[in-house]
Amino acid sequence: MQLYNLKDHDQKVSFVEAVKTGLGRNQGVFFPQNLAPLKDVDALLDLDFVTRSAKVLRHLLGDELSDETIAHMVEGAFTFPAPLVKVADNLHCLELFHGPTLAFKDFGGRFMAQCLAQFSQGEKVTILTATSGDTGAAVAHAFYSKENIDVVILYPEGKISQAQQKLFTTLGGNVHCYSVKGSFDDCQAMVKDAFLDEELKSRLGLNSANSINISRLLAQVCYYFEAVAQLPKAQRAQAHISVPSGNFGNVCAAMIAAVIGLPVAKLSATTNQNDTVPRYLESKQWQPNDTLESLSNAMDVSRPNNWPRVQTMLDNGDFSYDDFYSHGIDEATTAAAMKELQAMGYVAEPHTAIAYEGLKADLASGNQGIFLATAHPAKFKDSVDGILNLDIPMPKALADALAKPCLAEPMSADYQQLREAMLAKLD
Ligand SMILES: *Cc1c(COP(=O)(O)O)cnc(C)c1O
């Protein structure tokens, strides 16, 4: 698989190089040079999740890895299902929260860990990542106790839920956490600075496990096939998929799935009040505002770093602007959408409710609506219980993590401080 840097088209890398370097020159993200269509999509849809996912990834990666290697990596990563749950007529929810940290990021995080274990045998690797909530836990669990790998996680202090935080700050061992006095965008900026720091990069073998890492995106492509595969055969051409979007990695994966031949009639990328993309599509002006805090905190992102990839596919005509929708949903509407789903018998947390709300706005009568449940409702117990007047039970993984002490150290939103801390601890 050949990829090129969207900010410097002369920089071309293989998949292995893209996974190991994360970001390209000038902080550009890598994108596949060529997204060829799959041959027999109908036959693929009849396979089981793991077998089909290995074939989809083999198609994307080309000859770079053997069939056996890819199958082994997929088996190690995708150890839990992605069920499509019927909520009402023509309305389905793709539940992506059945992994160890109860959010969809387990799929990408675990596949990336498999990739790095394959690609960097023996070399020292430091995973540096900023989390707006769920990446931290997924990455920490995926890499926890892996030899030669250290994990450094930055998160905005007080801006993610206790459950989200405790799932990674309580691990210890090779997982080092810093609570940053600032926003998620500040954390993301510190990570970007670290990747511009050639000395730090080579001394620590830096790697970002953020959704800019192409391995995470390609892993996510697989569950869109699993979603459509669970629709009755006669309805498979009618899927309208709505993705709750923050950094726009997940919806980018959906679009890649469509470009290589998955039948996706329409795609919605729904944001919370951090609505840089919906406003951009209206006005063609890229005007990020300050990041606002919301109920759907994993989407509190005003500078989505996967947008250039999505825009590339739209601008190239690989996916039509006419079939792409994006709305920003405010807080009151999010809460109302949670109640509406509850009345239909489905308990959803805020991110999931936003996907539902965005879908509802544009779902045509002939289409099958699929909204993504990106996190388990218990991960957002405070807002779910409060808004829906419930006391939802805690899954065991969460209850165990909540009972342990937080091991994170405080830090200001200052790159120099991060640099010194990392060199002191890891060099
Ligand atoms: C990360 C996250 C999102 C946003 O996904 P992106 O790929 O960043 O757009 C949505 N919901 C939940 C629960 C998340 O953790």
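The rules behind these values
Residues numbered from 1 in each chain as written. Predicted model: local features only at pLDDT ≥ 70, side-chain atom pairs only at ≥ 80, totals over all residues. Heavy atoms only, no water. Helix = DSSP H or I, 4+ residues; strand = E, 2+ residues; numbered from the N terminus. Rg over C-alpha atoms; globule rule 2.2 N^0.38 Å. Buried < 20%, exposed > 50% of the residue type's maximum accessible area, 1.4 Å probe, protein only. Lys, Arg positive; Asp, Glu negative; His and termini not counted. Charge placed at Lys NZ, Arg CZ, Asp CG, Glu CD. Salt bridge = Lys/Arg side-chain N within 4 Å of Asp/Glu carboxyl O. Pairing = 2+ DSSP bridges. Contact = heavy atoms within 4.5 Å. Axes fitted to C-alpha atoms, helices over the stretch in contact; angles between N-to-C directions. Near = heavy atom within 4 Å. Polar contact = N/O pair within 3.5 Å; in protein donor to acceptor, adjacent residues only side chain to side chain. Areas by Shrake-Rupley, 256 points an atom, 1.4 Å probe, with all protein chains shown as cover. Domains from an automatic or database assignment. Buried area = accessible area lost by both parts, 1.4 Å probe. Nonpolar A, V, L, I, M, F, W, Y, C, P; charged D, E, K, R; others polar.

Novice: With reference to specific residues and values, describe the overall build of the chain.
Specialist: From N to C terminus, the chain includes 18 helices and 14 strands. In terms of C-alpha radius of gyration, the chain reaches 20 Å, essentially the compact-globule figure of 22 Å for 427 residues. For the chain, the C-alpha atoms occupy an extent of roughly 60 × 50 × 45 Å along the three principal directions. By the burial criterion, 61% of the 427 residues in the chain qualify as buried. For the chain, the separation between the mean place of its 35 positive charges and that of its 50 negative charges on side chains is 2 Å.

Novice: Hey, could you go over the pattern of salt bridges for me, with residue numbers and the actual values?
Specialist: Side chains bearing opposite charge may pair, as long as their charged atoms lie close to each other. Taken as a whole and judged by the stated rule, the model has 21 salt bridges. Of the charged contacts, one joins K86 and D89 as a salt bridge, the two residues approaching to 3.8 Å between their closest N and O atoms. The pair K86 / D89 is uniform in exposure class, with both members exposed. Ionic pairing is found between R203 and D427, a salt bridge with its closest N-O pair at 2.5 Å. Highlighted residues: R203 in helix 9 (residues 198–204) and D427 in the segment after helix 18 (415–426), separated in sequence by 224 residues. Residue classification places R203 among the partly exposed residues on the basis of a relative accessible area of 36%. Given a relative accessible area of 51%, D427 falls into the exposed group. Residues joined by salt bridges that share partners form a network here, namely D197, E199, R203, R419 and D427.

Novice: Break down the sheet that holds strand 10 (residues 239–244) for me, with residues and values.
Specialist: Strand order across the open sheet formed by six strands is 4-5-13-10-11-12, with mixed pairing between neighbours. Both edges of this open sheet fall to strand 4 (84–88) and strand 12 (324–325), since each of them pairs with a single strand only. As paired strands, strand 5 (residues 91–95) and strand 13 (residues 368–373) are joined by five bridges and run parallel to one another. Its bridge partner being in strand 13, E95 is matched across the sheet by A373. Where helix 11 (residues 249–259) meets the sheet, its contacts fall on strand 10, strand 11 (266–270), strand 12 and strand 13, and the angle it forms with strand 11 comes to roughly 170 degrees.

Novice: Any details on the site of the ligand? Residues and values, ideally.
Specialist: Taken together, the neighbourhood of the ligand is formed by 15 residues, with K105, D134, G246, N247 and T374 sitting nearest. Residue K105 places a side-chain N or O atom 2.5 Å away from an oxygen atom belonging to the ligand. At 2.9 Å, a backbone N or O of N250 approaches an oxygen atom of the ligand. Protein contacts shield 97% of the accessible area of the ligand, which totals 380 Å² for the unbound molecule.

Novice: Let's hear about the environment of T271: which residues, and what values?
Specialist: By the secondary structure assignment, T271 is in the loop between strand 11 and helix 12 (276–283). Given a relative accessible area of 1%, T271 falls into the buried group. As a C-alpha pair, T271 and H327 span 56 residues in sequence and 6.2 Å in three-dimensional space.

Novice: Tell me about the domain arrangement of the chain, and please be specific about residues and values.
Specialist: Entries for the chain in the domain assignment read domain 1 (81–101 + 214–388) and domain 2 (105–211 + 403–426). Computed from C-alpha atoms alone, the centre-to-centre distance between domain 1 and domain 2 is 25 Å. Listed per partner, the contact involves 27 residues of domain 1 and 28 residues of domain 2. The three residues of domain 1 that bury the most area against domain 2 are T101, R216 and K379, which together make up 33% of that side's buried surface. Remark: the boundary between domain 1 and domain 2 carries one salt bridge. The salt bridge involving K159 is made with E293; its shortest N-O contact spans 3.8 Å. Inspection of the domain 1/domain 2 interface yields eight residue pairs in polar contact (both at pLDDT 80 or more). A total of five residues in the side of domain 1 that touches domain 2 trace back to one element, the largest contributor, which is helix 10 (residues 214–229). Taken together, the residues of the side of domain 1 that touches domain 2 break down into twelve nonpolar, nine polar and six charged.

Novice: Explain the side chain of D150 residue by residue, including any values.
Specialist: Mapping D150 onto the fold places it in strand 7 (residues 149–156). Here D150 sits buried without a salt bridge, and the closest side chain of opposite charge, K124, lies 4.1 Å off (N-O distance). Those residues within four positions of D150 in sequence are excluded, and the remaining contacts are K124, V125, T126, I127, N174, H176 and L426.

Novice: Go over the sheet that holds strand 1 (residues 2–5) with me, naming the residues and quoting the values.
Specialist: In spatial order, the strands read 2-1-3; together these three strands make up an open sheet with antiparallel pairing. The open sheet has two edge strands, strand 2 (8–14) and strand 3 (30–32), and neither has a second partner. Ignoring which end each strand starts from, the neighbouring axes of this sheet average 35 degrees apart. As paired strands, strand 1 and strand 3 are joined by three bridges and run antiparallel to one another. Paired with Y4 across the bridge in strand 3 is F31.

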